[in-house]
Amino acid sequence: MRKEDTVKLISAEGFEFVIDRKAALVSNTLKNMLTSSGSFTETELGEVRFPEISTPILEKVCQYFYWSLQFASGKETEFHIEPEITLELMMAANYLHT
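Residues numbered from 1 in each chain as written. Predicted model: local features only at pLDDT ≥ 70, side-chain atom pairs only at ≥ 80, totals over all residues. Heavy atoms only, no water.

*Asks:* I tried to follow the layout of surface pockets on my own but got confused; where do I start?
*Replies:* Regions of empty space are outlined by a rolling probe, equal in size to a water molecule, passed over the atoms. Reported here for the second largest pocket is a volume of approximately 150 Å³. Every residue along the wall of the second largest pocket is listed here: Lys 60, Val 61, Tyr 64, Phe 79, Ile 81, Thr 86, Leu 89, Met 90, Ala 93 and Thr 98. Only helix H4 (55-72) and helix H5 (86-96) provide two or more residues apiece to the lining of the second largest pocket. The biggest single contributor to the lining of the second largest pocket is H5, with 4 residues. Classifying every residue of the lining of the second largest pocket by side-chain character gives 7 nonpolar, 2 polar and 1 charged. (1 Å grid on protein atoms, 1.4 Å probe; cavity = no way out; pocket = protein on both sides within 12 Å on 5 of 7 lines; lining within 4 Å. Points joined across faces, edges and corners; volume = space filled by probe spheres on them. Helix = DSSP H or I, 4+ residues; strand = E, 2+ residues; numbered from the N terminus. Nonpolar A, V, L, I, M, F, W, Y, C, P; charged D, E, K, R; others polar.)

In structure tokens:
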């Protein structure tokens, strides 16, 4: 897989998630960051830092991106969310417009 086909998402703790660009574009916020004209770091490097999103929450967000792609293609499965992370996950989803 080419570097241009992936995006690196970096959590508050510095953990790096390398995901398919197509999955990242599920988020309107990431889509705007990664496709905007100009020489923004996110566009140039294909990586986005999230100083306010913890590693477990960013991991769940990445899982949701892939689940969303599957759902859009007709594969209807359940997306389980642990009750203890619901509030933090909702705040991240609101920021990412997912």
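*Asks:* I would appreciate a short explanation of the environment of Asn 28 in the present structure.
*Replies:* Inspection of the secondary structure puts Asn 28 in helix H2 (residues 28-35). Sequence spacing of Asn 28 and Glu 82 is 54 residues, and the spatial spacing of their C-alpha atoms is 24 Å. Residues within four places of Asn 28 in sequence aside, it is in contact with Leu 96 and His 97. (Contact = heavy atoms within 4.5 Å.)

*Asks:* Explain H4 to me, please; I cannot follow it from the model alone.
*Replies:* The periodicity of an α-helix, 3.6 residues per turn, causes residues three or four places apart in sequence to face the same way. In this model, H4 (18 residues) spans 26 Å end to end at C-alpha, consistent with the 26 Å of a helix rising 1.5 Å per residue. Listed in full, the buried residues belonging to H4 are Thr 55, Ile 57, Leu 58, Lys 60, Val 61, Cys 62, Phe 65, Trp 67 and Ser 68. After H4 finishes, the residue Gly 74 shows a positive phi value of roughly 105°. (Expected span 1.5 Å × (residues − 1). Buried < 20%, exposed > 50% of the residue type's maximum accessible area, 1.4 Å probe, protein only.)

*Asks:* I tried to follow the pairing of strand S1 (residues 6-10) on my own but got confused; where do I start?
*Replies:* A regular strand places its side chains on the two faces of the sheet in alternate fashion. Counting buried positions along S1 gives 4 out of 5 residues, so the element sits mostly inside the fold. Bridge count between S1 and strand S2 (residues 16-20): 5 bridges; the pairing is antiparallel. Across the sheet, the residue bridging to Lys 8 is Val 18, located in S2. Where S1 and strand S3 (residues 47-49) come together, 3 bridges link them in parallel fashion. Opposite Lys 8, over in S3, you have Glu 47 as the bridge partner. (Pairing = 2+ DSSP bridges.)

*Asks:* Help me understand the nonpolar core in this model?
*Replies:* When a protein is soluble and globular, its nonpolar side chains tend to lie buried together. In terms of nonpolar packing, the biggest core is built from 21 residues, with Leu 9, Leu 30, Phe 50, Val 61 and Phe 65 touching the most fellow members. For this core, the secondary structure elements donating two or more residues are S1, S2, helix H1 (21-24), H2, H4 and H5. Discounting residues that sit within four places of it in the chain, Phe 50 has contacts with Leu 9, Ile 10, Ser 11, Ala 12, Leu 30, Leu 58, Tyr 95 and Leu 96. (Core = buried A, V, L, I, M, F, W, Y, C linked by side-chain atoms within 4.5 Å.)

*Asks:* What is the right way to look at the environment of Ser 73 in this model?
*Replies:* Structurally, Ser 73 is set in the loop between H4 and H5. On the basis of relative accessible area, Ser 73 is assigned to the exposed category, the value being 59%. One polar contact links the side chain of Ser 73 to the main-chain carbonyl oxygen of Gln 70, over a distance of 2.8 Å. (Polar contact = N/O pair within 3.5 Å; in protein donor to acceptor, adjacent residues only side chain to side chain.)

Read these as geometric descriptors, not functional statements.
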